[in-house]
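# Working through the structure, step by step
As a plain string of letters, each chain reads:
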Amino acid sequence: MKASFWHLPAKSVLQDLRSSEIDGLGSLQAARRLARRMHKERIRPEWWRAIMLFIRQFSSPLVLLLAFAALMSSVMGNWSDSLILLTILLLTGMIGFWQEYRAGKAVEKLRNLMQVHCTVVRDGKPVKIVSNEVVPGDIILFAAGDIVPADCLLLEAKDLHVNESVLTGESFPVEKEPGLVAEDTPVNKRTNTLFEGTSIMSGTARVVAVCTGLESEIGQISRELAQGETESAFQTGIRSFGYLLLRLTFMLSAGILIFNLLLGKPIISSILFAIALAVGLAPELLPAIMVATLSAGAIRMAKSKVIVKKLEAIQNLGAVEILCSDKTGTLTTGEARVAGTIGIHGSHSERVRLLAWLNASFESGFSNPMDEAIRELPGMPSLDLYSKKDEVPYDFQRKRLSIVVKTGEEDLMVTKGALSGILEVCSFAETEEGKVENMDPDIRASILQQFEQQSASGYRIIGVAFKNVTGDPIINRDDETDMVFSGFLLLEDPPKPGVARSIQQLEDLGVTLKIITGDNRLAAKHLAREIGISGEGMLTGEEIQQLSDQALARKALHCQLFAEIDPQQKERLIRALRSGGKVVGYLGDGINDAPALKAADVGISVDTAVDVAKAAADIVLLEKKLEVMHQGILDGRKTYLNTLKYIFITTSANFGNMFSLSGISLFLRWLPLLPVQILLINLLSDIPALTIASDRVDEEQLKAPKKWDIKLIRRFMVWFGIQSSVFDYLTFGCLLWIFHAGEKQFQTGWFVESVLTEIVVLLLIRTYRPVFKSRPSGWLLAMSLFTATTTLLLPYIAPGALFGLEPLPVRLLLFLLSITGLYAVMVEFSKQRFFRQAGY
């Protein structure tokens, strides 16, 4: 298909695509085209991704270097040791692969629940498919709120307005209609074309998909820019953590290699030992355990009606300090009810009621509770008595919506919207007696007085106006002038039962709720009083407009209520709050919420939201309730804290062991541990760590937001690593001077002590409480006991000899158990001091 399809007749485009406007594509035809597209765009099948995941387990330069050194060792005759070493590397990689693969499949199932769908015509019938399965030639049916999945040519359109800001930067909706445009027409002028990634603001359409994926306009831009998403705080922390380990690994391994060579130890053994030392310091199962822990958290959160689209968002959710939300549906019932229709002096008005009903009944924008409530007004005439002529959809600059209705011989333009947006286009006002008068200062003052009086009572106020356009019923926004103000529509949306308690529960978790609403200041303040939120220092959209970014950042931190806010200001507010160092979550479900959702640390939407909002969100709630949000934050914190347990434990234990290895190797004629023994310690100590995802978290640890803190991790690693080394050197002294251990007995003794102390640290450090006041999960306890038992038995059974282990005398074994017990007592007291000083 030619790229410049917009200048061709629809019939010609359909013929080139071998598609039918009525029947669309056949199912088999579409499947073949999808397979061709996947091959062209190098979208790999499931089995290929699984193989790449397995290979990636061995992509670490340290692991590859160790494997190479082991192969070199086998060439020189040490084939048995090399085989064992390579087997351990393979086993470690297989464990990592299985953890990541299983976790990935679980998370993929959750993400599939939130995939964006669209309606296409296949075999002559409308069917819903996942949007990324659209292929050229598909006939797509659009309605308000849909995301466009491909570059398309319009076949039919009715009152169609599209938001193309993602492509052109133009925030005002663009009207689209079928037809032909010149071949050299720029993107923003192609009125007969819909572009991938844009969204339908109002109206309906029937289109044919022409360019998909990388062939679309936005696909080509993405390919050229090849820009990734902004790195989250969690990803930044992991990267910093990786650099820290890399520096330590290089310094220790390079230093010990040089010293061993200077001391005249065998070259191959020294190289293997130094590389194994490096591998031992690096927590090679960290990616697998993190993915497993995060995915377990995502599954747990799904049971609490919270669907995670991005795993890293779990940690950000647990770190949220400020939650911004609109009031409708979250703090209120979301079920708008028409409380009354009044004229300019406050008397009931049937005229206003009829006009509002006509506007709501004929508008074609995204369905919303307000228009649904108006359409359901009782006692209204038959809609068949009227016909729609034209529409100018609602947008967030004008804050109003206009339609033209033919009533009898008259074409009437009816406009409703925010009072400020209505008053600015009205030159006249209609009295209760039906007279039309000039909008003089007295009438304007009366209108504003009614507005303030009704708003202060908690009503949402919608202005209604009209204008006779008989003879010229086709309108655009420039026609919204010299209108007649008719009156007010009063809407009420009461607070949800128990919402004040839910807000307090968030406060108890250290999360401050801030309301960002487009409603007027008086109605917003009334609601805030009812639910216990302070309206002091409230900021309005007009006031925000006057503030610099720095001033807004200062004021926004101390304000809980923002009223009369437009979509661009929502995004600016989120960025201002984040610039103050706060972790900000934003809960939104409307078309206008997408920019703010992307700007927040955590974008949160609901499953009933428009596709645009769900696509922009990191997390989707299955119920729009603060109680669900409260549980999601708790689950996010649990998941993060369990991830942190593994990082704490493995870095401190590995750092201590490697520091001890580096030091003692300078004074021994032999290697303190064989390379294969170092890897075996790593493997055994990681077995219990694989079950950390199932562990319990103490309640007091969940009461405050948890941010990634690389300094805390570094302090923990040094503090407990040094303590571990102190006991290691105590063990060395006793082994050499009291038990007069030879090479194998020394290595076996330290092997047993290293694994046992790592298990002890795991069970002690997993809680900030005294150890007997916090019970580990059943799986963690069982795997810890299994590993400890295996470690104690291994020197006494045949496989132990393969790893260079030998049976230990009972007296020596009892000594090692005593050292482990003494170490446990010290760690228990030390941890309480450490966490107290760290403010935990």
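Criteria and cut-off values
Per chain, the residues get numbers from 1 upward, laid out in the order the sequence is written. Local features are withheld for residues below a pLDDT of 70 in this predicted model, meaning they are given only at 70 or higher, and side-chain atom pairs are given and counted only at 80 or more; totals for whole chains, interfaces and linings count all residues. Excluded from the side-chain calculations are hydrogens and water; all other atoms, namely the structure's heavy atoms, are used. The secondary structure listing takes helices from DSSP runs of H or I that are at least 4 residues long and strands from runs of E that are at least 2 residues long, numbered from the N terminus. Only protein chains enter the calculation, and the probe is 1.4 Å; a residue is then buried if its accessible area is under 20% of its type maximum, exposed if over 50%, and partly exposed in between. Residue contacts follow a heavy-atom distance rule, with two residues in contact if any of their heavy atoms lie within 4.5 Å. Areas reported as accessible are Shrake-Rupley estimates using a 1.4 Å probe. Residue values count occlusion only from the protein chains shown. Any carboxyl oxygen of Asp or Glu within 4 Å of a side-chain nitrogen of Lys or Arg constitutes a salt bridge here. Per-residue confidence from the predictor is reported as pLDDT, a score between 0 and 100. Here, strands pair whenever DSSP counts at least two bridges between them. Within the patch definition used here, like charges are joined within 9 Å and nonpolar side chains (Val, Leu, Ile, Met, Phe, Trp, Tyr) within 5 Å, considering only residues with over 30% relative accessible area and no salt bridge. Counted as positive: Lys and Arg. Counted as negative: Asp and Glu, with His and the chain ends omitted from the count. Throughout, a charge is located at the NZ atom of Lys, the CZ atom of Arg, the CG atom of Asp or the CD atom of Glu. Fitting a line to C-alpha atoms yields each axis, with helices limited to the stretch in contact; the angle taken between N-to-C directions then spans 0 to 180 degrees. Polar contact is defined as a pair of N or O atoms within 3.5 Å, subject to the rule that within protein one atom must be able to donate a hydrogen and the other to accept it, and that residues adjacent in sequence are counted only when both atoms are side-chain atoms. For this analysis, a ring pair means two rings from Phe, Tyr or Trp (six-membered ring only for Trp) whose centres lie within 6.5 Å, classed as stacked if their planes differ by under 30 degrees, edge-to-face if by over 60, and tilted for the remaining angles. Any angle from 65 to 115 degrees is called roughly perpendicular, while one under 35 is roughly parallel, one over 145 is roughly antiparallel, and all others are oblique. Here a crossing is called left-handed whenever its near helix is offset anticlockwise from the far helix by less than a right angle, and right-handed whenever the offset is clockwise. Each residue is assigned to one class: nonpolar for Ala, Val, Leu, Ile, Met, Phe, Trp, Tyr, Cys and Pro, charged for Asp, Glu, Lys and Arg, and polar for all the others, Gly among them. We call a set of buried Ala, Val, Leu, Ile, Met, Phe, Trp, Tyr and Cys residues a nonpolar core when their side-chain atoms join them within 4.5 Å.

## Points about the overall build of the protein
In terms of regular secondary structure, the protein is built from 29 helices and 23 strands. Per-residue burial over the protein gives 56% buried out of 840 residues. Contacts in the protein between residues far apart in sequence, at least 24 positions, make up 74% of those at least 6 positions apart. Accessible area for the protein stands at about 36,300 Å²; split by element, carbon and sulfur atoms hold 58% of it.

## Quick look at the pattern of salt bridges
Counted by the stated rule, this structure contains 28 salt bridges. A salt bridge links E430 to R351; the shortest N-O distance between them is 3.5 Å. Placement of the pair is E430 in strand β14 (residues 426-430) and R351 in helix α12 (residues 350-362), with a sequence separation of 79 residues. Residue R351 is classed as partly exposed on the basis of its relative accessible area, which comes to 32%. Salt bridges here are not isolated pairs; linked through shared partners, they connect R398, R400, E424 and E480.

## Observations regarding the confidence of the model for the protein
Residues at a pLDDT of 70 or more form 87% of the protein, whose mean pLDDT is 84. Considering only residues more than four positions removed or in separate chains, one finds that residues 224-229, a stretch of pLDDT under 50, has 1 contact.

## Topic: the pairing of strand β13 (residues 410-417)
A large share of β13 lies buried, amounting to 7 of its 8 residues. Across 8 bridges, strand β12 (residues 400-407) lies against β13 in antiparallel orientation. The residue of β13 that forms the bridge with S402 is T415. The loop that links β12 with its antiparallel partner β13 comprises 2 residues; one of these, G408, has a positive phi angle of about 70 degrees. Relative to strand β16 (residues 460-468), β13 runs antiparallel, the two sharing 6 bridges. Paired with G417 across the bridge in β16 is G463.

## A look at a negative patch on the surface
Judged by side-chain charge, E432, E433, E437, D440 and D442 come together as a negatively charged surface patch. Along the polypeptide, E437 turns up in strand β15 (residues 436-438). Under the relative-accessibility criterion, E437 is labelled partly exposed at 33%.

## A few points about unusual backbone geometry
A positive phi angle, near 50 degrees, is found at R18, a position not held by glycine. Summarising the element assignment, R18 is placed in the loop between α1 (10-16) and α2 (27-40). For R18, a relative accessible area of 55% gives the class exposed. Of note, K399 is a non-glycine position whose phi angle comes to about 60 degrees, a positive value. Turning to its location among the elements, K399 is positioned in the loop between β11 (386-392) and β12. Given the relative accessible area of 22%, K399 is considered partly exposed.

## Examining the sheet that holds strand β23 (residues 619-621)
Pairing is mixed across the open sheet formed by 8 strands, whose spatial order is β8-β23-β22-β21-β9-β18-β20-β19. Here the strands that pair on one side only, and so sit at the sheet edges, are β8 (306-308) and β19 (539-540). Where strand β21 (residues 584-587) lies against strand β22 (residues 602-606), 3 bridges are found, and the strand directions are parallel. Residue L587 lies in a different strand from β22, and its bridge partner there is I604. This element, helix α20 (residues 567-579), spans β9 (322-325), β18 (512-516), β20 (561-563) and β21 of the sheet and lies at about 160 degrees to β21.

## Considerations on the side chain of E480
Mapping E480 onto the fold places it in the loop between β16 and β17 (483-492). In terms of polar contacts, E480 uses its side chain to reach the side chain of R398, at 2.6 Å. Every residue in contact with E480, bar those within four places of it in the chain, is listed here: V392, R398, R400, S402, M413, T415 and V425.

## Notes on the packing of aromatic side chains
Applying the stated criterion across every chain yields a total of 18 aromatic pairs. Taking the centre distance of 6.4 Å and the plane angle of 35 degrees together, the rings of W719 and F834 count as tilted. Of this pair, W719 sits in helix α25 (residues 710-738) while F834 sits in helix α29 (residues 810-837), and the two are 115 residues apart along the sequence. What makes F834 buried here is its relative accessible area of 2%. Ring geometry for F739 versus F815: centroids 5.3 Å apart, planes at 45 degrees, classification tilted.

## Observations regarding the packing of helix α23 (residues 626-664) against α25
Between α23 and α25, whose axes approach to 7 Å, the crossing angle comes to 45 degrees. By the criterion of interaxial angle, the relationship of α23 to α25 is oblique. As α23 runs across α25, the sense of the crossing is right-handed. On the side of α23, the interface is formed by L644, I647, F648, T651, S652, F655, G656, N657, F659, S660, G663 and I664, while α25 contributes L712, I713, F716, M717, V718, F720, G721, S724, S725, D728, Y729 and F732. For the contact of α23 with α25, the class distribution of residues is 14 nonpolar, 9 polar and 1 charged.

## Some words on the environment of K305
One can find K305 in the loop between α10 (286-303) and β8. In this structure the C-alpha to C-alpha distance between K305 and E623, which are 318 residues apart in sequence, comes to 6.8 Å. Those residues within four positions of K305 in sequence are excluded, and the remaining contacts are V620, L621, L622, E623 and V628.

## Considerations on the nonpolar core
The biggest cluster of nonpolar side chains holds 139 residues, and the ones touching the most others in it are L317, F562, I574, I604, L621, F648 and F751. Per element, the largest residue contribution to this core is 15 residues, and it comes from α23. When neighbours within four sequence positions are excluded, I574 is seen to be in contact with C324, I516, V584, Y586, A596, A599 and A600. With 25 residues, the next largest nonpolar core counts V338, L358, V464 and V484 among its residues.

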